[in-house]
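One letter stands for each residue in the lines below.
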Amino acid sequence: MRRYEWNSPAKLFYWPAAEGGDEEQVYPTLCDAVEAAQEGDAATAWIVCQNGDILSPKLIELLREEVRQQPRRRASVRSLFAWARAA
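Residues numbered from 1 in each chain as written. Predicted model: local features only at pLDDT ≥ 70, side-chain atom pairs only at ≥ 80, totals over all residues. Heavy atoms only, no water.

## A closer look at the environment of Ala45
Then, number 1: Mapping Ala45 onto the fold places it in strand β3 (residues 45-49).
Then, number 2: Since its relative accessible area comes to 0%, Ala45 is described here as buried.
Then, number 3: Remark: the alpha-carbon pair of Ala45 and Phe13, spanning 32 residues in sequence, is separated by 5.9 Å.
Then, number 4: Ala45 has contacts with Leu12, Phe13, Tyr14, Ala37, Leu55, Ser56, Pro57 and Ile60, leaving out every residue within four places of it along the chain. (Helix = DSSP H or I, 4+ residues; strand = E, 2+ residues; numbered from the N terminus. Buried < 20%, exposed > 50% of the residue type's maximum accessible area, 1.4 Å probe, protein only. Contact = heavy atoms within 4.5 Å.)

Set out below in C-alpha cells:
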C-alpha cells in the first residue's frame, strides 16, 4: 500500500460541486482533510496532497480507517520569538 505524508497540508474539494460552486479548503494535515471529507458529500470529495497526489472519493473512504488508527497529535503553536527566550 502507498504511504502518505499524513502531516503535510492537503486541499479538499468537492467535484462536481453542488449548485455549481467551486468550494475548496486547505487543511493543515492530510488527516484533517480526510476527516473533513466525512462531513460533506463523501461521494464527491477529492483531496489534492502537497506532493500532487490526487485522492479519489473511493480512496478517501479506504484511508478513513487508517486515519482512525493514527494517534492524533496536537499541533503545537510556537511563538515567533521563542528563540529569544532560549538565549
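## Notes on the sheet that holds β3
Then, number 1: Read from one edge of the open sheet, 4 strands run β2-β1-β3-β4, paired in antiparallel fashion. Each edge of the open sheet carries a strand with a single partner, namely β2 (24-27) and β4 (54-55).
Then, number 2: Here 4 bridges tie strand β1 (residues 10-14) to β2, and the two strands are oriented antiparallel to one another. Each bridged residue has a counterpart across the sheet, and for Ala10 the counterpart in β2 is Tyr27.
Then, number 3: Contacts between helix α1 (residues 30-37) and the sheet are confined to β1, β2, β3 and β4, with β1 contributing the most and set at about 15° to the helix.
Then, number 4: Here helix α2 (residues 57-69) sits on the sheet and contacts β3 and β4; the angle it forms with β3, its principal contact strand, is near 80°. (Pairing = 2+ DSSP bridges. Axes fitted to C-alpha atoms, helices over the stretch in contact; angles between N-to-C directions.)

## A closer look at the packing of aromatic side chains
Then, number 1: Throughout the structure, instances matching the rule amount to 1 aromatic pair.
Then, number 2: Considering the side-chain rings of Tyr4 and Trp6, the 6.1 Å spacing of their centres and the 65° angle between planes classify their relative orientation as edge-to-face. Each member of the pair, Tyr4 as well as Trp6, is classed as buried. (Phe/Tyr/Trp six-rings, centres within 6.5 Å; stacked < 30°, edge-to-face > 60°.)

## Topic: α1
Then, number 1: Within α1, 7 of the 8 residues are buried, which leaves it mostly tucked inside the rest of the structure.
Then, number 2: Packing partners of the buried residues in α1 comprise β1, β2, β3, β4 and α2.

## Brief notes about the packing of α1 against α2
Then, number 1: Direction vectors running N to C along α1 and α2 enclose 120°, while the axes themselves pass 10 Å from each other. With respect to α2, the axis of α1 lies oblique. Our pair here, α1 against α2, has a crossing hand that is left-handed. Contacts from Cys31, Val34, Glu35 and Ala37 in α1 reach Ile60, Leu63, Arg64 and Val67 in α2. (Parallel < 35°, antiparallel > 145°, perpendicular 65-115°, else oblique. Left-handed = near helix turned anticlockwise from the far one by under 90°.)

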